[in-house]
Structure formats: structure tokens, C-alpha cells
Amino acid sequence: MKKSIAVIALDPFAGKAYAQQVRSVFEERAVVRNYSMMDGTAANMEPCDLYMGSTDAFDAMGDPNRYIPAEAQRMEIQVTYFKEAVRRLEEIPKGTKVIFVNITEVMAREAVTQLEQLGITHLKFILYAPGSKLTDMAEIAVTPDEERYVPSGIPTIINLGQRTCSADTMIEAAFRLGFDDLLEEATFKQYQESVCTNTYYFDQMFNRSRRLESQFDILMEVLDQGVIAVNEHGEIYAINKNAADITRVPENLSLTNMGEKVFPYIPFRKCLEEKKETNPQVVRVAGNLVSLYVRPVLRRDVCVGAFAILQKFNEMERRQNELRVQLMKKGQGHRAKYCFDDVIGESEPILKTKFILNKMACTESPVLLIGETGTGKELFAHSVHNASKRRDQPFVAINCAAMPENLLESELFGYEEGAFTGAKKGGRPGLFEFAHQGTLFLDEVEGMSPALQVKLLRVLQEREIMRVGGNQIIHVDVRIVAATNEELEQKVAEGTFRQDLYYRLNALPVLIPPLRKREEDVFLILDSFLKELGGKFRLSDDIKELFRKYKWPGNIRELRNVTDYLCFTGHTIITIDDLPPVFRIGKYREEANGIKNAEQETHAADQPLQYQKTSHMPTEQERVILEILYNAQRTGQSIGRDKILLEAQMRKIKLTQPQVRKILGRLEENGCVNVTRGRGGSSITKKGVDWITN
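Residues numbered from 1 in each chain as written. Predicted model: local features only at pLDDT ≥ 70, side-chain atom pairs only at ≥ 80, totals over all residues. Heavy atoms only, no water.

(A) Just the overall build of the protein, in detail. In terms of helices and strands, the protein carries 30 helices and 26 strands. Relative to its full complement of 694 residues, the protein shows a buried share of 47%. Looking at the protein alone, contacts between residues at least 24 apart form 65% of all its contacts between residues at least 6 apart. Of the roughly 35700 Å² of accessible surface on the protein, a fraction of 48% belongs to carbon and sulfur atoms. (Helix = DSSP H or I, 4+ residues; strand = E, 2+ residues; numbered from the N terminus. Buried < 20%, exposed > 50% of the residue type's maximum accessible area, 1.4 Å probe, protein only. Contact = heavy atoms within 4.5 Å. Areas by Shrake-Rupley, 256 points an atom, 1.4 Å probe, with all protein chains shown as cover.)

Encoded structure:
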């Protein structure tokens, strides 16, 4: 009976190619229809006996049940290369630089990884995709049918053609549709012979050695891993030179002996008894970290022996990092953009800070940047990285207070496939892995939960991580630069920040000076912003004096906002009337402290009726709290009592937690603030703004 098959891909061209391959194998046995997510045809699929979808198509669906009936048979298309395409790459001399071109860099990396699994490990691949920067050139470009994206000027282009459905995919489809006899057909055998399998490299080497009548010995010696083979009784009958070098056990001392007696750290017996591959593990052998696993040899479900595969961990890491670091450097944003020359200022505090951090950058110890919001802590973190020995490696930044605990954990440490609902197929590396051999910047580190603080402490101590849902230890070499705008000592005293982690991060603490302590730097920075924004105003002498006295609670970020604001006044000389409302707050605060009572009465008389009805003029403490809330509102934030208390202390206003709570309650009764219970924080109302600006 004729069956129907739906082939679904993300890209319509790929969908047509996969459908044609399926037709060539199933011929008259099935009607094959192709659909695509990109052109929308997948939304109107006809009923079929089997739905075959590519990985990216299923990812694009989100919920496949919206497109495919829940009771219908569905399977994932696994792709591979034609053997002829791999042979063409094998002919390229070892060590040759090759630019690999694909639609995206992620797809390029996946394609190169599969080629390496098929034995193409002798080429030095340079990943490239449209929009990325080509940092190195080569004479040869390789692409899976994406020639239109190959950079100009490359003399040799090798088109591998679209990747094809694997033989395993065709076999699974045949069994699902009840076409078991298809596997004996010439069309299937011809297709199977033309495509690579996951054991393609092994098969090729084995066939070559058989033709030379010394197949096994040759195979053992050409593999770049160490291999130890045992029979069904666990006796060693073969060991290659790489394995002997890694274990420091000569071949003549190991052959015919029991495997677990000579190599007690290799679980031969477990593999033979359970008849399944052991989980990869890292052990220390002869002073080196070695990755190993044991794979059984089965004949009709009978275990006739096993192979142990060993590889030095640093060699394994080197291969992975070449592509990982290359990808991070190109177009992914994981690089430092600033250096100390970008820090504008000639005041003594900023010059001293730059000098100290420049010295600290040469070490490997963690750096803790302490400063108010808007002082440029991230700019200094970039600068420390670019002045360090790690300048050519990734720089990765994350705000620890900007996301929930679970999301922050998966971002930092990565996760394995199936670790949680919505986890990507194949898992995802975390920022620690992306920052390997580079720098990880943890902004607002005080926002990290106690549980994550424990995990971070372990990374700092052991330089090892484990992905969420994983069971393998991953070595990472990362320098930590952390930043905080709160007093961590107080957090430690309150019990909300671990003392041991604090002392780990506080190895090299540096206080970033606030803008109010940087004297004439205000005008140097303003001139820089003015050039960037294309403004053409200048400040009057009165305004310059006001800027010198102003406290700049938002620091450089506030100065940038003020400069932006003044660019739209339309005046070439800025006077007091052109300033944002926050400066009028400062002006009236000074008047309240220094102007005669008669002037105050005149000022009060000029207020609208609604403010005259307020039962009292704001006290100094109330005014300070309202100003703090106003500044927070200008940056789109709500602010809690802890930060209000800290800001007040920085302004030399002595308050306690109960006093802050009482004042907020009184201001809420007057309609000047909104107080949200829990983590929502407090915010100033329009009435509160008018109360302190008029």
C-alpha cells in the first residue's frame, strides 16, 4: 500500500533537497511532499503517514502539535555528507587553512564539528558567515552549497553540496512505514554506500588496513587516540603506541594480562557485563588528565570484547577551544571594547585609579570594582582585560541582578539537553566556557543568590564547573572581575553575602571615584559627549559653577543624560532656565537653607493651591528621600529601602531602617510616593516631583 511522507525543513531549498533524497530511496512506495517553515507552507500540511522534520524546523515550530497531529508518526532528520565530498577534503594537504562558509556562524560550527567527527581533522578551519568579520585569509573556501556567501578574492571554492539525509534516517523511516524489505533493495544499498556514517573514519581506516593484510595493527597506530582492546574475558590483546605513551605502560608488560589488573582505572568489567558504552570520565594518569571511555564489541547481542579510548584532556580541550574562541571573537560580542585611554579625566582620583588598575591587570587575581551607579565600572572592567595577558581571549560580561536565579545559573554554567523544560537539543555551553582563557565580568555581583554564591566560590577555588543537568566536570581557566555599587561588608554582616566568597573576590579591591570628586573632569566628559551627540551649546559661568557644586548622584550616566537634554534646548548658551528639573531641585534646596524667610514666604505664595494645602514643607530627610526616588525614576527604576538607606548615608544623612520606613509611610499618606510591598520597591509620584521642584 502506498504511503505518504511529509518532509519539513526550515529553509525551502533544504526541504526540496531532503524530499528528493527520500523519493530516490522510496521510489513508488511513497508519495513525498516537502514543506518549509520559512515560506509558511508547513502551516497547511496535508495528512501524512509519517512526518520527517529537520532539527531547526522542529525548533522553529515551538510546539510541533500546532502543525502535526498529536497521534501522527514523526521523526527527526539526521544529516550527513556524501562520501565523495569528504574525499575531496581528504585530498587537501595537512595543516592547510580553509575558510568554511555557511549561512550563520553557528551552522558553520556545527558543520565543521560533523566533518571532524568524520575524520577531517587535518585542516585548520576558519568560520565565516554573512555579516561576520573575516580575521584571516586562505586560498581555499569550502561551503555546503552556499557559494553566494563566499568572500571575493578566494581562488579555490569547494562546494560540498547540500548535506543529505543519513542512512540511519532512511532506515528509521522504512521501519516506521513497514517497509522492512526496502533495506534489501538496490536503491537503498546504493544510497547507503554513497553517504557517510558516524563511523566513517573508522570504516575507512579499517578497510585500508584489511587491503594491506595488516588491518588491525595499522588501524590502531593511525588513530590519534590511545586504544586498549580486551577480549570477552577481559584479557588485553592489543594496545597502540598512543595508549602506551599515555599510560606509561609498555606493550610487552600489558598484553595477555587482565585489563583491570594492569589499568585499574579503566572499567573494562563494567562494560563487558552491561554490554553498553561507559560514560566518559576524566582521570589522572601518569601526571596527566586523561579523558576515557570503554565501548563494547557486540556480535548478535553477545559481547565479544571491548575497546578503551583514551585521550589527553589538554589535547581534547585544544581542539574544542580553537573553534569556540574563534566563534566568540567574531560577531558574538564577547570581546572587550575599551581600554584605559578611553577613560576621560585628568583629576588626581581618576589618574590614581587608572594607575592602580593598570598594575592589577598584569596579575591573575580577581579584581573587585566598587563604585556608585554610573561611575563607569564596566568600562574599567573592559580596560583591565585589554591591559592583561588575556587581551586576545574572550571578554564576557553579565549583570547578576538582571535575571532570576535559575536563568542566571544556566547562563553562567550552561546546561545539558533535557535539563529543564525548553532546554535546547544538545544543550548549551555557559558563559564560563565561553570565557575560557579570558575574563568574566560579574556586574552587580551582590545580586547573586546564596546558592549561586556557593557555586561561584567552587569555580574560584577549583577552576571547574558542571553544567545544569550534567554529570561531567569541565575545566575552565577564567579570570573574574566583579563590580558592586553596595557595601559588601555590610551584606556580609547582614548574612546575605558569603564571607568566604567576599574574601575571594576582594583580593584586589578598587574604589571608582564618583563624578562629584573629579573636579574639572565634568567638563572634559561633557565635551566628549557633546562631540558624540553633535551638540553646539556652551555653558554660562553660572552653570559651570552650579555643575561644580552639583552632587551628580547618577554620575557619568546622569551627565550623559543632561548633555543629551541640553542638546534639544535650542540655545547656544545654557542658562539656569534651560536645565532639567533635577537642578531646580538642587537650587531650591540651597534656597531653603540660605534665603531669607520673607523670600521663602514669597516662594510658597507662588505655589499652586494643591501644594499650599500640604500640611508641612518637606523636612531635609524627606527631601533627600524624594530626590533619591526622583533620580531612580529618571533611570526607569524602582528602589528599595536598602538602597535608599545607602544613598542617604552617601549624602551624609544619618537614617536607620525604621526611620526610612516611617518617612516613606508619611510621604505615601501625602500622596508623594507609591510604596510597593516585597521586591517592588518605592517610586515617586507626580505630586512628589512637583512638591520638591516648585
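(B) A look at the pairing of strand β14 (residues 288-299). The pairing of strand β13 (residues 281-285) with β14 spans five bridges and is antiparallel. The residue of β14 that forms the bridge with Val-283 is Val-290. A loop of two residues connects β13 with β14, the two strands running antiparallel in sequence, and Ala-286 in this loop sits at a positive phi of about 50°. Here β14 pairs with strand β15 (residues 302-312) via ten bridges, running antiparallel. Residue pairing for β15: Leu-292 is matched across the bridge by Leu-310. The turn joining β14 and β15, which pair antiparallel and follow one another in sequence, is formed by two residues; a positive phi near 55° is taken by Arg-300. (Pairing = 2+ DSSP bridges.)

(C) Molecular detail of empty space enclosed by the protein. Scanning the model with the defined rule gives one cavity of 30 Å³ or more in all. The computed volume of the largest cavity comes to approximately 110 Å³. Every residue lining the largest cavity is listed: Glu-486, Glu-487, Gln-490, Lys-491, Glu-494, Asp-642, Lys-643, Leu-645, Leu-646 and Gln-649. Residue composition of the lining of the largest cavity, grouped by class: two nonpolar, two polar and six charged. (1 Å grid on protein atoms, 1.4 Å probe; cavity = no way out; pocket = protein on both sides within 12 Å on 5 of 7 lines; lining within 4 Å. Points joined across faces, edges and corners; volume = space filled by probe spheres on them. Nonpolar A, V, L, I, M, F, W, Y, C, P; charged D, E, K, R; others polar.)

(D) View of the confidence of the model for the protein. For the protein, per-residue confidence averages 84 on the pLDDT scale, and residues scoring 70 or more make up 87% of the total. Confidence drops under a pLDDT of 50 for residues 591-615, and excluding neighbours within four residues, the segment shows 17 contacts in the predicted structure. (pLDDT = per-residue confidence, 0-100.)

(E) Looking closely at the pairing of strand β21 (residues 479-484). With six of six residues buried, β21 is to be regarded as a mostly interior element. Residue alternation in β21 divides its side chains into two sets, Arg-479, Val-481 and Ala-483 and Ile-480, Ala-482 and Thr-484, and both sets are buried. Pairing of strand β16 (residues 367-370) with β21, which is carried by four bridges, proceeds in the parallel orientation. Along β21, the bridge assignment pairs Leu-369 with Ala-483. In the sheet, strand β18 (residues 439-443) pairs with β21 via four bridges, with the strands oriented parallel. In the sheet register, Thr-439 faces β21, and the bridge partner there is Arg-479.

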